Amino acid sequence: MAPDGGTHARVDDGRLVGVVGRLGVYPLVRLSLPARRILAYLALRGQPVARRVAAADLWPDVPDDCARTNLRRSVWHLPAGWVASVGDELHLQAQTDLAAAHAAAARALDGLELTLADITLLSDDVLPGWHDEWVLAQQEAFRLLRVQALEAACRTMRASGHLALSIQAGAAALAAEPLCESAAEALIDAYLAQSNRHQARQCFLSLAGRLRSELGVAPQPGLLHRLDELGLGERVAGLPV
């Protein structure tokens, strides 16, 4: 309900909209395609959105009056309780896994450790396979955030001796950005701390091969020299030593 000041207090009654990895709503309800798009859109925005803005974003290729009509129809067909209209704004009445993912990323970037559930949550993109304009910028921003957070978590948990989780975080960061040399270095350090020299060398060779084939460059010399000192940085075809 809305307090006297007119600010809407969200009541979600345990509802959740998931957008990391795939779109999901919990508890499960039947949704039309337009209704699914509205819930995904509001979950990505993470705040109330003016109707005119939502209509323009969701239906960018039709006249404004048609877009507003499409929005009204779609909101009307939503199951009760998921979206509230407050003045000219739409409010999502649910928690989102994206908010939880941002909170986990913030903890990692602050130098705190992550749980396996946190790492798993940060191992997926938002709405993969969706190509709407309002999705694309959010996808890229979240991918950059999660790569940085996972790399930071890899380093933090290696330093604290939680090597299994460190390796999980580093592997997820490198899977999200296979050309990220700093993420590869963090993962290699975690493998070496675990005395897993084979995986450390395999990680380096995979990185070197991708950099050579996609960018035509070699890994940073410092990493190769460090592995050389351990007897792991043997000459890779096409790479200077």
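This text follows the structure it describes.
Not measured: the values here are computed from a predicted model.

**Focus on the sheet that holds strand E3 (residues 49-50)**
Item 1. Strand order in the open sheet formed by three strands is E3-E5-E4, and the pairing between neighbours is antiparallel. Pairing within the sheet leaves two strands with one partner each, and these edge strands are E3 and strand E4 (83-86).
Item 2. Bridge analysis of E4 against strand E5 (residues 89-92) gives four bridges, and the strand direction is antiparallel. Residue pairing across strands places Ser85 opposite Leu90, the latter belonging to E5.

**What to know about the packing of helix H1 (residues 33-45) against helix H6 (residues 133-159)**
Item 1. Look at H1 against H6: their axes get within 11 Å of each other, and the N-to-C directions meet at 40 degrees. Classed by the angle they form, the pair H1 and H6 counts as oblique. Between H1 and H6 lies a crossing whose hand is left-handed. Between H1 and H6, the residues in contact are Arg37, Ala40, Tyr41 and Leu44 and Trp134, Val135 and Gln138, respectively.
Item 2. Class assignment of the residues belonging to the contact of H1 with H6 gives a composition of five nonpolar, one polar and one charged.

**A few points about the sheet that holds strand E2 (residues 24-26)**
Item 1. Reading across the sheet, the three strands line up as E2-E1-E6 and stay open at both edges, with mixed pairing between neighbours. Two strands in the sheet have a free side with no partner beyond their single neighbour: E2 and strand E6 (95-96).
Item 2. For strand E1 (residues 16-18) and E6, the ladder comprises two bridges, and the chain directions are parallel. Pairing of Val17 across the sheet is with Thr96, part of E6.

Definitions and limits used
Residues numbered from 1 in each chain as written. Predicted model: local features only at pLDDT ≥ 70, side-chain atom pairs only at ≥ 80, totals over all residues. Heavy atoms only, no water. Pairing = 2+ DSSP bridges. Helix = DSSP H or I, 4+ residues; strand = E, 2+ residues; numbered from the N terminus. Axes fitted to C-alpha atoms, helices over the stretch in contact; angles between N-to-C directions. Parallel < 35°, antiparallel > 145°, perpendicular 65-115°, else oblique. Left-handed = near helix turned anticlockwise from the far one by under 90°. Contact = heavy atoms within 4.5 Å. Nonpolar A, V, L, I, M, F, W, Y, C, P; charged D, E, K, R; others polar.

Read these as geometric descriptors, not functional statements.
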